[in-house]
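Topology and contacts: notes
The lines below spell out each chain.
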Amino acid sequence: MPDLYAYTDGACSGNPGPGGWGVLMLAKDGEQIVKERTLCGGEAETTNNRMELLAAITALETLARPSTITIVTDSAYVKDGITKWIHGWKRNNWTKKGGLKNVDLWQRLDAAQARHRVTWEWVKGHAGHPENERADELAREGMAPFKPKGK
């Protein structure tokens, strides 16, 4: 059975502003890629953090059956949120001192990951990591229809 990976990224032109998310999904047998799928989308008025979350959510929601998957993100916000902070938010009925942003997406990500065995990995963004760079390109592609012409 191949190993599944989802490389996810979000992008925003202005924050808030037009944004996009991208996902590069790979099934690998060792170093050999046996299947590849790309996904992208965007919104007219959003934030970078929302796009980062939507990329991870979409990767998990796209899987037809419960799977073991590694999600690779350049967003410490997403990785730390889902692996560390979420436990306290849930204990406190999805709240935190000062307010919790993006509750709708955190709840959706929590539900999406509950179906799967997920390993979360962080990589430095814009540092030459080929799959992360590809996810960034997909995020910019997802944002393109929402950006004003000439920008």
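Structural data are supplied above this passage.
What this report covers is the structure whose coordinates are included nearby. Keep in mind that what you see is a predicted model, and the values were worked out from it rather than measured.

A word on the state of the cysteines. Taken as a whole and judged by the stated rule, the model has zero disulfides. Free cysteine: C12, not disulfide-bonded; nearest cysteine sulfur from C40 at 15 Å. A residue is classified by how much of its surface remains accessible, and C12, at 21% relative accessible area, is partly exposed.

As a further point, take the packing of aromatic side chains. For any pair of aromatic rings, the description consists of the separation of the ring centres together with the inter-plane angle of the planes. Applying the stated criterion across every chain yields a total of four aromatic pairs. Taking the centre distance of 6.1 Å and the plane angle of 55 degrees together, the rings of W85 and W89 count as tilted. Placement of both W85 and W89 in helix α2 (residues 76-91) is noted, with a separation of four residues, approximately one turn of the helix. Exposure remark for W85: the relative accessible area of 37% places this residue in the partly exposed category. Through a chain of ring-to-ring contacts, the aromatic side chains of Y77, W85, W89 and W106 assemble into a single cluster. The ring centre of Y5 lies 4.8 Å from the NZ or CZ of K28, which sits over that ring.

What follows is about unusual backbone geometry. Each neighbour pair has its own omega, and for N15 with P16 the value is 15 degrees, a cis peptide bond. The residue P16 is located in the loop between β1 (3-12) and β2 (17-29) in this model. Positive phi is not limited to glycine here, since W94 has a value of about 60 degrees.

Turning to the environment of W94, a few remarks are in order. Relative to the helices and strands, W94 resides in the loop between α2 and α3 (103-114). Those residues in contact with W94 that sit more than four places away from it in its chain are I86, W89, L100, V103, W106, Q107 and D110.

Secondary-structure assignment places T73 in strand β4 (residues 68-73). Apart from the residues within four sequence positions on either side, T73 is in contact with T8, E52, V78, K79, E121, W122 and V123.

Turning next to the side chain of K28. Tracing the chain through its elements places K28 in strand β2. Buried charge without a partner: K28 forms no salt bridge, and the closest opposite charge is E131, 4.2 Å away. Looking at K28, its side chain comes within polar contact range of the side chain of Y7, at 3.4 Å.

If you look at the biggest cluster of nonpolar residues, it comprises 28 residues, and the most contacted ones within it are V23, W106, L109 and W120. Looking at this core, the elements that each hand over two or more residues are β2, α1 (48-62), β4, α2 and α3. Ranked by residue count, the leading element in this core is α1, at eight residues. Other than its neighbours up to four places away in sequence, V23 contacts A6, Y7, T8, R37, T38, L39, A55, A59 and L138. Residues V72, V123, A135 and L138 belong to the second largest nonpolar core, which totals seven residues.

Before going further, it helps to spend a moment on the packing of α1 against α3. Taken N-terminus to C-terminus, the directions of α1 and α3 make an angle of 25 degrees; their axes are 9 Å apart at the nearest point. Compared by their axis directions, α1 and α3 come out roughly parallel. Every pair of crossing elements has a handedness; the one defined by α1 and α3 is left-handed. On the side of α1, the interface is formed by R50, L53, L54, A56, I57, L60 and E61, while α3 contributes D104, L105, W106, R108, L109, A112 and Q113. Looking at the contact of α1 with α3 residue by residue, the classes come out as nine nonpolar, one polar and four charged.

The rules behind these values
Residues numbered from 1 in each chain as written. Predicted model: local features only at pLDDT ≥ 70, side-chain atom pairs only at ≥ 80, totals over all residues. Heavy atoms only, no water. Disulfide = S-S within 2.5 Å. Buried < 20%, exposed > 50% of the residue type's maximum accessible area, 1.4 Å probe, protein only. Phe/Tyr/Trp six-rings, centres within 6.5 Å; stacked < 30°, edge-to-face > 60°. Helix = DSSP H or I, 4+ residues; strand = E, 2+ residues; numbered from the N terminus. Lys NZ or Arg CZ within 6 Å of the ring centre and 35° of its normal. Contact = heavy atoms within 4.5 Å. Lys, Arg positive; Asp, Glu negative; His and termini not counted. Salt bridge = Lys/Arg side-chain N within 4 Å of Asp/Glu carboxyl O. Polar contact = N/O pair within 3.5 Å; in protein donor to acceptor, adjacent residues only side chain to side chain. Core = buried A, V, L, I, M, F, W, Y, C linked by side-chain atoms within 4.5 Å. Axes fitted to C-alpha atoms, helices over the stretch in contact; angles between N-to-C directions. Parallel < 35°, antiparallel > 145°, perpendicular 65-115°, else oblique. Left-handed = near helix turned anticlockwise from the far one by under 90°. Nonpolar A, V, L, I, M, F, W, Y, C, P; charged D, E, K, R; others polar.

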